[in-house]
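# Architecture and fold: a report
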Amino acid sequence: MTDVILEKVGKTYPNGYHAIPSVDLSIEEGEFIVLVGPSGCGKSTLLRMVAGLESISTGELRIRGERMNEKEPAERDIAMVFQNYALYPHMSVYDNMAYGLKNRGMAKKMIEEKVSDVAAMLGLTELLQRKPRQLSGGQRQRVAMGRAMVRDPKVFLFDEPLSNLDAKLRVQMRVEIRQLQRKLGTTTLYVTHDQVEAMTLADRLVVLNKGKAEQIGTPMDLYNKPATPFVAAFIGSPSMNLVDANLTEQGIHLSETLTLPLSHQHRGDIVWGIRPEHLEVSDERNADFALRIQAVESLGAETLIHGKIETEFGNGEPMVVRLSGPHLPEVNSLMWLTAPMSHWHLFDAKTQQRL
Amino acid sequence: MIENRPWLTFASHATLLTGIALVALPVWMALVASTHPASAFGVGHIPLWFGDAGAETWGTVLFEKAGNGVDTPVWFMMLNSLIMALGITFGKIAISLLSAYAIVFFRFPFRNLCFWIIFMTLMLPVEVRIVPTYEVVANLDLLNSYTGLTLPLIASATATFLFRQCFLSIPGELVEAARIDGAGPWRFFFDILLPLSRTNIAALFVILFIYGWNQYLWPLLITTDDAYYTLVMSIKRMLSVTDGDIAWNQIMATTLLAMLPPVAVVIGMQKLFVKGLVDSEK
Amino acid sequence: MTVTFPQKGLPWLLLLPQLLVTAIFFLWPAEQALEQAFYQEDAFGLSREFIGLENFADLFTDPLYYQSMLTTLVFSFSVAIVGMSLALLLAVMADRIIRGKLAYQTLLIWPYAVAPALAGVLWWILFDPSMGPIALWLKSAGINWNHYLDGNQAMILVVIASTWKQISYNFLFFLAGLQAVPRSLIEAAAIDGASPFKRFWTIVFPLLSPTTFFLLVVNLVYAFFETFGVIDATTKGGPGQSTTTLVYKVFDDGFVGLDLGGSAAQSVVLMAIVGLMTVIQFRFIERKVQYS
Ligand SMILES: Nc1ncnc2c1ncn2[C@@H]1O[C@H](COP(=O)(O)OP(=O)(O)O)[C@@H](O)[C@H]1O
Ligand SMILES: [Mg+2]
């Protein structure tokens with residue numbers, strides 16, 4: 001069953017800034033959707049329109065079939081976790097979690113029950129009487145989640161909930177959020193700028209760029225078949241190598257002297273891409289091109305090699321290669337590489353669409 | 001300090017103690033004077049050490065009458081001062097909280113204009129516009145009333161401005177969280193905003209109480225009925241007796257009693273007082 | 001940008017009390033003052049006559065008004081400079097010492113709570129020519145003190161009483177300013193061989209300049225508007241006009257001299273000055289708010 005539907009939803013701020021032209025998205029019940037994109041692309045704006053904290057300028061939002069545009073946040077049956085947690089500083093953990101229920105006029109007995117259930121689930125039972133300032137960052141994060149969970153809402157909304165935590169805690173909480181969401185089965189809309197977080201959490205991802213949904217799909221869809229160079233570059237780490245090229249009947253001209261043979265009906269300027277992990281080390285005879293090595297990053301389990309494609313006129317496009325295991329090539333030496341055709345990504349340079 | 005120079009430290013203490021003594025000098029004098037009978041004051045003579053009429057003088061002014069033409073006892077005028085001070089304090093805090101709340105948390109036409117109008121009153125003490133204000137209050141038939149004593153003085157913007165600053169520092173996400181939790185504007189005001197502004201309110205309370213208690217010209221003008229005399233203004237009435245008949249001991253005792261409550265507040269709540277001063281000048 | 005509530009009528013309701021009080025006790029009187037400033041009224045308020053700008057013309061041709069302006073400036077700057085210098089001295093001393101700082105602070109700040117009128121009375125007694133201990137002591141030192149007759153001495157008396165009350169305020173802000181001076185700077189200067197005295201003038205005092213400037217403004221405003229009680233309780237503006245400040249003159253001409261038109265014209269001039277200062281302060285504060 002479709003739970004949340006955004007139909008041509010757009011936002012223009014009162015100052016005239018056109019933050020989101022139009023977004024279409026339908027979310028299934030229980031689905032975990034991640035909105036991902038660089039800072040300032042309109043993720044929070046979109047989420048806050050769903051929450052009712054920003055008005056919807058154009059289009060319609062429906063939750064369980066009901067139009068929500070004019071409803072107050074409290075009437076939408078959503079719960080939200082904020083980046084800085086937004087815990088009420090003068091209330092105890094218990095009161096923070098109970099406040100929404102009290103305002104809905106729930107019986108005291110029932111509130112107690114719900115809060116202690118959720119507190120137990122999140123390991124907060126011992127902390128219920130503390131004030132937020134007496135908690136660590138991770139604990140505050142948990143309380144913020146608890147406050148959302150006790151409400152048992154139709155939709156969870158998260159706005160970069162992990163970005164104030166240190167790296168280790170972030171990974172831990174990420175796993176925990178995913179487990180809790182699976183267990184509760186609550187439809188979730190989650191905003192992040194971190195593509196790793198996005199890939200690991202999402203059932204489906206929405207990649208936003210300047211207020212437009214560039215692509216909506218599962219993490220593997222986005223990895224394997226990015227719809228635009230933007231998505232291709234944004235998903236995956238290190239980023240996909242993208243080279244401006246020209247497609248003719250001979251193939252793809254990466255530079256004046258370097259052509260990768262290909263028969264394709266498209267003609268004209270394109271963007272050619274290959275992920276660092278798909279480049280293979282080869283020898284001079286079989287290689288597609290050579291890389292002049294500029295830097296080597298050894299991470300133990302893998303090695304990242306940065307260089308530039310070697311052409312007759314000196315250095316060409318920059319390129320990163322990712323090899324598993326330790327490698328120690330000399331800086332400034334040449335490395336011969338093949339780029340298997342099955343891993344190529346071709347985009348029309350003009351329309352920015354995948355070919 | 002960086003280097004150990006005992007004479008410098010000694011000089012510091014000495015300077016401070018001298019300062020304290022100088023600052024305390026007039027109060028010391030007043031205290032001494034209040035312990036002598038009125039007859040002890042004459043040309044070329046004022047007592048420099050405590051006498052033995054202290055209890056009598058203090059008892060008289062406190063419970064019988066302040067003297068020098070003021071027939072009300074000090075305790076009664078203290079009550080009036082207290083009513084006026086608290087009226088001004090609570091009035092200012094209440095209307096300022098509300099108006100700052102409106103200005104910070106709502107968007108409505110002429111919002112800036114309202115803020116400006118309120119702000120214009122910030123630096124305009126009643127003394128500057130004393131004649132017309134007096135006439136307005138007289139027209140409204142508020143002379144000799146507690147309303148007349150307090151209401152005209154609660155129109156100041158310092159408190160509004162202070163609360164505005166305080167509210168602006170509250171993170172927007174907290175408001176959003178409250179809205180999602182189903183709190184409307186009133187609930188938010190009472191459940192979140194007031195508790196978060198607690199120390200600001202308390203600090204402002206101290207400053208405003210002193211301000212209210214120390215009002216002088218206003219009560220002097222609008223009260224002609226003994227029943228509304230406040231303590232600070234009564235001094236002026238006591239001093240208007242012809243020179244020779246002034247009972248200095250009573251005036252000094254009354255003066256000391258008039259400064260006691262606000263001084264006690266400053267010393268007793270020093271931390272809040274300092275915070276209030278610093279905040280209200282930001 | 002703060003988050004707001006969507007209600008449209010409620011903010012007006014919230015503003016209503018403040019706006020009402022402002023309108024009745026500020027805007028209405030201000031309007032009245034403006035109106036009166038253009039009329040001549042007889043002392044009993046029975047008849048009045050429109051005279052246009054004559055009240056203002058009178059005011060600005062009246063040497064007494066200019067004298068009052070001068071008096072106000074002399075008085076205000078004396079209060080500001082004397083008060084700030086003494087407070088700075090005390091604050092520097094208090095900042096130097098390690099133990100007992102709070103006790104000294106407590107013993108120095110209480111005069112803030114004393115009503116200006118009472119401060120006036122207290123100092124008046126000390127300086128009373130016939131029995132005040134300080135006046136008698138001055139006499140024995142060869143100075144004939146009588147502030148009832150000597151305008152300069154009257155000015156000195158009101159400056160002392162007004163300053164006394166304000167020292168606590170200056171002290172607190174200077175002490176806070178001193179404590180905000182980074183220790184490392186002073187230590188660096190000490191390592192460079194600067195004596196404590198030199199360190200103060202070359203490092204600490206320049207760093208205090210925002211505080212000093214702020215206090216100067218506050219003190220001038222204080223001396224301008226909040227010292228009515230001091231003057232009224234001690235000299236009543238006299239002898240002659242020697243301690244009649246602008247604010248005192250508004251009262252004196254209006255309630256004592258019963259020149260309502262002239263007093264109203266003065267109110268209008270003062271309000272214009274205050275309005276100007278408010279605009280300046282508003283700009284200043286808004287800028288500070290934006291950057292902080
Ligand atoms: N209240 C506002 N008024 C005008 N512009 C805004 C407002 N809030 C956000 N914006 C602009 O809208 C764009 C999207 O903001 P946002 O949704 O917060 O981005 P992000 O993807 O980082 O969460 C940004 O360029 C931001 O400057
Ligand atoms: Mg954001």
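Residues numbered from 1 in each chain as written. Chains lettered and ligands numbered in written order. Predicted model: local features only at pLDDT ≥ 70, side-chain atom pairs only at ≥ 80, totals over all residues. Heavy atoms only, no water.

Now for the interface of chain B and chain A. Taken together, the 16 residues of chain B in the interface contact 24 residues of chain A. Carbon and sulfur atoms supply 56% of the area that chain B and chain A bury against each other, a total of about 1,700 Å² over both sides. Sorting the residues of chain B by area buried against chain A places Arg179, Ile180 and Asp181 of chain B first, and these three jointly supply 40% of that buried surface. Our count for the chain B to chain A interface comes out at three salt bridges. Salt-bridge contacts for Asp181 of chain B lead to Arg151 of chain A; the nearest nitrogen and oxygen are separated by 3.7 Å. Inspection of the region where chain B meets chain A yields 10 residue pairs in polar contact (both at pLDDT 80 or more). Listing elements by their share of the side of chain B that touches chain A, those giving two or more residues are helix H8 (172–180) and helix H9 (185–196) of chain B. Sorting elements by how many residues they give to the side of chain B that touches chain A places H8 of chain B first, with seven residues. Partitioning the side of chain B that touches chain A into residue classes produces nine nonpolar, one polar and six charged. (Contact = heavy atoms within 4.5 Å. Buried area = accessible area lost by both parts, 1.4 Å probe. Salt bridge = Lys/Arg side-chain N within 4 Å of Asp/Glu carboxyl O. Polar contact = N/O pair within 3.5 Å; in protein donor to acceptor, adjacent residues only side chain to side chain. Helix = DSSP H or I, 4+ residues; strand = E, 2+ residues; numbered from the N terminus. Nonpolar A, V, L, I, M, F, W, Y, C, P; charged D, E, K, R; others polar.)

Interfaces are often sized by the accessible area lost when the parts come together. With 99 residues of chain C in contact, the opposing surface of chain B contributes 115 residues. Taking both partners together, chain C and chain B bury about 9,900 Å²; carbon and sulfur atoms supply 78% of that area. Considering only the side of chain C, the residues that lose the most area to chain B are Phe5, Phe25 and Arg96 of chain C, jointly responsible for 9% of the buried surface there. For the interface between chain C and chain B, the tally reads one salt bridge. With a closest N to O distance of 3.1 Å, Asp232 of chain C and Lys236 of chain B form a salt bridge. Summed over the shared surface of chain C and chain B, the number is 12 residue pairs in polar contact (both at pLDDT 80 or more). The element that contributes the greatest number of residues to the side of chain C that touches chain B is helix H1 (residues 10–36) of chain C, accounting for 19 residues. Considering only residue class, the side of chain C that touches chain B consists of 73 nonpolar, 17 polar and nine charged.

Turning next to the pattern of salt bridges. Residues and elements named next belong to chain A. Under the definition given, this model contains 22 salt bridges over all chains. A salt bridge links Arg67 to Glu70; the shortest N-O distance between them is 2.7 Å. Relative accessible area serves as the criterion here: at 36%, Arg67 is assigned to the partly exposed category. For Glu70, a relative accessible area of 59% puts it in the exposed group. The partner of Glu310 in a salt bridge is Arg292, and the shortest N-O contact between them spans 2.8 Å. Remark: Arg292 occurs in strand E16 (residues 289–298) and Glu310 occurs in strand E17 (residues 302–311); sequence separation between them is 18 residues. Shared partners join several salt bridges into a network, and the residues in it are Glu7, Glu60, Arg62, Arg67 and Glu70. (Buried < 20%, exposed > 50% of the residue type's maximum accessible area, 1.4 Å probe, protein only.)

Now for the site of ligand 1. All names here are of chain A. Close contacts around ligand 1 come from Tyr13, Asn15, Tyr17, Ala19, Ser39, Gly40, Cys41, Gly42, Lys43, Ser44 and Thr45, and that covers them all. Here an oxygen atom of ligand 1 sits 3.1 Å away from a polar atom, N or O, in the main chain of Gly42. A distance of 2.6 Å is found between an oxygen atom of ligand 1 and a side-chain nitrogen or oxygen belonging to Ser44. Notes on ligand 1: free accessible area 560 Å², of which the protein chains cover 67%. A total of three residues in the shell around ligand 1 trace back to one element, the largest contributor, which is helix H1 (residues 43–51). When grouped by side-chain class, the residues that make up the shell around ligand 1 number four nonpolar, six polar and one charged. (Near = heavy atom within 4 Å. Areas by Shrake-Rupley, 256 points an atom, 1.4 Å probe, with all protein chains shown as cover.)

The next thing to look at is helix H12 (residues 246–256) of chain C. All names here are of chain C. Among the 11 residues that make up H12, nine are buried, leaving the element largely enclosed by the rest of the structure. Residues of H12 that are buried: Leu246, Val247, Tyr248, Lys249, Val250, Phe251, Asp252, Asp253 and Gly254. Just downstream of H12 lies Leu258, where phi reads positive at about 55°.

The subject of this paragraph is the domain arrangement of chain A. Residues and elements named next belong to chain A. Domain boundaries assigned for chain A yield domain 1 (2–234) and domain 2 (241–348). Taking only C-alpha atoms, the centre of domain 1 and the centre of domain 2 are 40 Å apart. Between domain 1 and domain 2, the residue contacts involve nine residues of the former and six residues of the latter. Summing both sides of the interface, domain 1 and domain 2 together bury roughly 610 Å²; the carbon and sulfur share of this comes to 61%. For the domain 1 face of the interface with domain 2, the top three residues by lost area are Tyr223, Pro229 and Ala232, together amounting to 72%. At the junction of domain 1 and domain 2, the tally comes to zero salt bridges. Tallied by class, residues from the side of domain 1 that touches domain 2 come to seven nonpolar, two polar and no charged. (Domains from an automatic or database assignment.)

Bringing unusual backbone geometry into the picture now. All names here are of chain A. The omega torsion across Ser237 and Pro238 is -5°, close enough to zero to call that bond cis. Non-glycine residue Asp77 carries a positive phi angle of around 55°. Structurally, Asp77 is set in the loop between strand E5 (66–67) and strand E6 (78–81). Look at Tyr85: it is not a glycine, yet its phi comes out positive at around 75°. Among the secondary structure elements, Tyr85 is positioned in the loop between E6 and helix H2 (93–103).

With that settled, consider the sheet that holds strand E14 (residues 268–274) of chain A. Residues and elements named next belong to chain A. Strand order in the open sheet formed by five strands is E13-E12-E11-E14-E20, with antiparallel pairing between adjacent strands. Bordering the open sheet on either side are strand E13 (259–261) and strand E20 (345–348), each of which pairs with just one other strand. Neighbour to neighbour, the strand axes of the sheet diverge by 35° on average, direction disregarded. Note: strand E11 (residues 241–248) against E14, seven bridges, orientation antiparallel. Note on E14: the bridge partner recorded for Ala245 is Ile270. (Pairing = 2+ DSSP bridges. Axes fitted to C-alpha atoms, helices over the stretch in contact; angles between N-to-C directions.)

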